[in-house]
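# Observations on the three-dimensional arrangement
Below, each chain spelled out in residue letters.
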Amino acid sequence: MTWREMSPVTRAFLGLAVAICGVRLLLIKQYCLIIAVAAAVPLHDHFFPALLRQPALLAAAFFAPLWTELQVLLRPTAGRMNGTPSP
Amino acid sequence: MTLSAAVLLVHQASYFFATWIVVFWAGRFLAWLAWSGMADPEGAGRKGPFLAQLLTAFWFLGGAAGKWTAGYWAGEPFHDLFFAHHPYAVYALLRAWLDPEALRVVATWFSRGVVVVETAMAGVAFLPARVASTVSIAAALGMWLSTGDLYDVAGPVIGTALAARILAAAARPEIAGRRER
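The notes below deal with the structure included here. (Residues numbered from 1 in each chain as written. Chains lettered and ligands numbered in written order. Predicted model: local features only at pLDDT ≥ 70, side-chain atom pairs only at ≥ 80, totals over all residues. Heavy atoms only, no water.)

### Side note on the interface of chain B and chain A
Contacts between the two partners involve 34 residues from chain B and, on the opposite side, 37 residues from chain A. Applying the counting criterion to the chain B and chain A interface returns zero salt bridges. Inspection of the region where chain B meets chain A yields nine residue pairs in polar contact (both at pLDDT 80 or more). Grouping the constituent residues of the side of chain B that touches chain A by class yields 24 nonpolar, nine polar and one charged. (Contact = heavy atoms within 4.5 Å. Salt bridge = Lys/Arg side-chain N within 4 Å of Asp/Glu carboxyl O. Polar contact = N/O pair within 3.5 Å; in protein donor to acceptor, adjacent residues only side chain to side chain. Nonpolar A, V, L, I, M, F, W, Y, C, P; charged D, E, K, R; others polar.)

### Details of helix 2 (residues 19-39) of chain B
All names here are of chain B. Compared with the 30 Å implied by 1.5 Å per residue over 21 residues, the 29 Å span of helix 2 between its first and last C-alpha is a close match. Of all bends in helix 2, the biggest is about 35°, found at leucine 33. Of all the positions in helix 2, only Thr19, Trp20, Val22, Val23, Phe24, Ala26, Gly27, Phe29, Leu30, Leu33, Ala34 and Gly37 are classed as buried. (Helix = DSSP H or I, 4+ residues; strand = E, 2+ residues; numbered from the N terminus. Expected span 1.5 Å × (residues − 1). Bend = angle between axes of the 7 residues up to and from the residue. Buried < 20%, exposed > 50% of the residue type's maximum accessible area, 1.4 Å probe, protein only.)

### Things to note about the packing of aromatic side chains
Taken as a whole and judged by the stated rule, the model has 19 aromatic pairs over all chains. Counting every residue linked through ring pairs, the aromatic cluster contains Tyr31(A), Phe47(A), Phe48(A), Phe62(A), Phe63(A), Tyr15(B), Phe16(B), Phe17(B) and Trp20(B). Over the ring of Phe62(A) we find Arg24(A); its NZ or CZ atom is 5.8 Å from the centre of that ring. Arg112(B) extends its terminal NZ or CZ atom over the ring of Trp109(B), reaching a point 4.8 Å from the ring centre. (Phe/Tyr/Trp six-rings, centres within 6.5 Å; stacked < 30°, edge-to-face > 60°. Lys NZ or Arg CZ within 6 Å of the ring centre and 35° of its normal.)

### With respect to the side chain of Ser111(B)
Residue and element names in this part refer to chain B. Note that serine 111 resides in helix 7 (residues 100-120). Polar side-chain contacts of serine 111 include one of 2.5 Å to the backbone oxygen of tyrosine 72. Setting aside chain neighbours within four positions, we find serine 111 in contact with Tyr72, Gly75 and Phe78.

### Focus: the nonpolar core
The biggest cluster of nonpolar side chains holds 56 residues, and the ones touching the most others in it are Phe13(A), Leu27(A), Tyr31(A), Trp20(B), Phe29(B) and Leu33(B). A total of 12 residues in this core trace back to one element, the largest contributor, which is helix 1 (residues 8-40) of chain A. Excluding residues within four positions of it along the chain, Phe13(A) makes contact with Val72(A), Met81(A), Leu30(B), Leu33(B) and Ala34(B). Counting eight residues, the second largest nonpolar core, distinct from the first, contains Tyr91(B), Leu94(B), Ala107(B) and Val114(B). (Core = buried A, V, L, I, M, F, W, Y, C linked by side-chain atoms within 4.5 Å.)

### Points about the environment of Ser14(B)
One can find Ser14(B) in the loop between helix 1 (2-10) and helix 2. Discounting chain neighbours no more than four positions away, the residues touching Ser14(B) are Tyr31(A), Leu58(A), Leu8(B) and Trp20(B). At a separation of 2.7 Å, a polar atom in the side chain of Ser14(B) contacts the side chain of Tyr31(A).

### A look at the state of the cysteines
All names here are of chain A. Scanning all chains against the criterion turns up zero disulfides over all chains. Of all cysteine sulfurs, the one in cysteine 21 lies closest to cysteine 32, which takes part in no disulfide; the gap is 15 Å. The exposure class assigned to cysteine 32 is partly exposed, which follows from its relative accessible area of 38%. (Disulfide = S-S within 2.5 Å.)

### Section: the pattern of salt bridges
Residues and elements named next belong to chain A. Counted according to the given criterion, the structure contains two salt bridges over all chains. Here glutamate 69 and arginine 24 are joined by a salt bridge, their closest N and O atoms 2.9 Å apart. Of this pair, glutamate 69 sits in helix 2 (residues 55-74) while arginine 24 sits in helix 1, and the two are 45 residues apart along the sequence. Here the two residues glutamate 69 and arginine 24 agree in accessibility, since each one is buried.

As C-alpha cells, then:
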C-alpha cells in the first residue's frame, strides 16, 4: 500500500511513529553505553528501588518498543497499530 | 511505547532524559489515533489537530516553567552549559569570534529568547491547525539547530505537528463539503 492510498489517520500515525522510531534508532549507541556502564558500575542511589536500578529493565524498556514500532512501519495494519492481532 | 517511556522516566539511569516525557505523551496520542481515530476517522480529523496542539503547548510550557528563574533570565545556565564549553559547532564558532564579555551578553539574550519563545508556544493550542503545525515545526527545528543533541526532543514534536497537519488537511474537504450542502 502506498502513502497516498492510506487513510489520513494511518498517515498521521505513521508520521509520528517514524519520528519516535527515528529518535530511538539515533539513541541506540548512547543507550548501549548507558546500559553497559549501569551494568559494570552499579550505583546504589537509595531514592530508587532495586528494580529501577536494573540495567536489564532499562534495556527492555528501551529496545522492546523498537520491535513493535518497526512492525507497524513495515506493514501498518489496524491490528499492528493498536496491538491486537489482525484478521 | 507509552509504558516503556514511563519506565525509562523513572529508571535511575534514564530519568533525566526529557525525550521520554515527550514520547510518553506522543505514545498516548498514537494510542488514541489507533483506537478512536481508526474507528471514527471523521472525528479524528476534527479533534486530532487540537489534541496534537494541546500536547505541543504542554511540552513547551513544561520546558518554559523550568526556566522561569532568575538564573535563566540572566543566561547563566546557557552560558555555563553551552556557550562557554559545549563542543557543538555554533558555540565553538561563537567562542572563536567573540570575547568572553560579548559571549556572556549573547548567552543572556539567547536565554531570554528561549524563555519567551517557549512560554509563547503555549499559545499554539489556540492557533488554526496549519499555522500551529508550521509554528511548532519551526520552533522544534530552532531547538534542534541551536543545540544539536536535542534531536531526541525535537523529533517527536515535529512528528506530532506533522500528524496534526495531515489530520487537518483531511478534515478540510469534509468541512468545506458540509458548508456547501
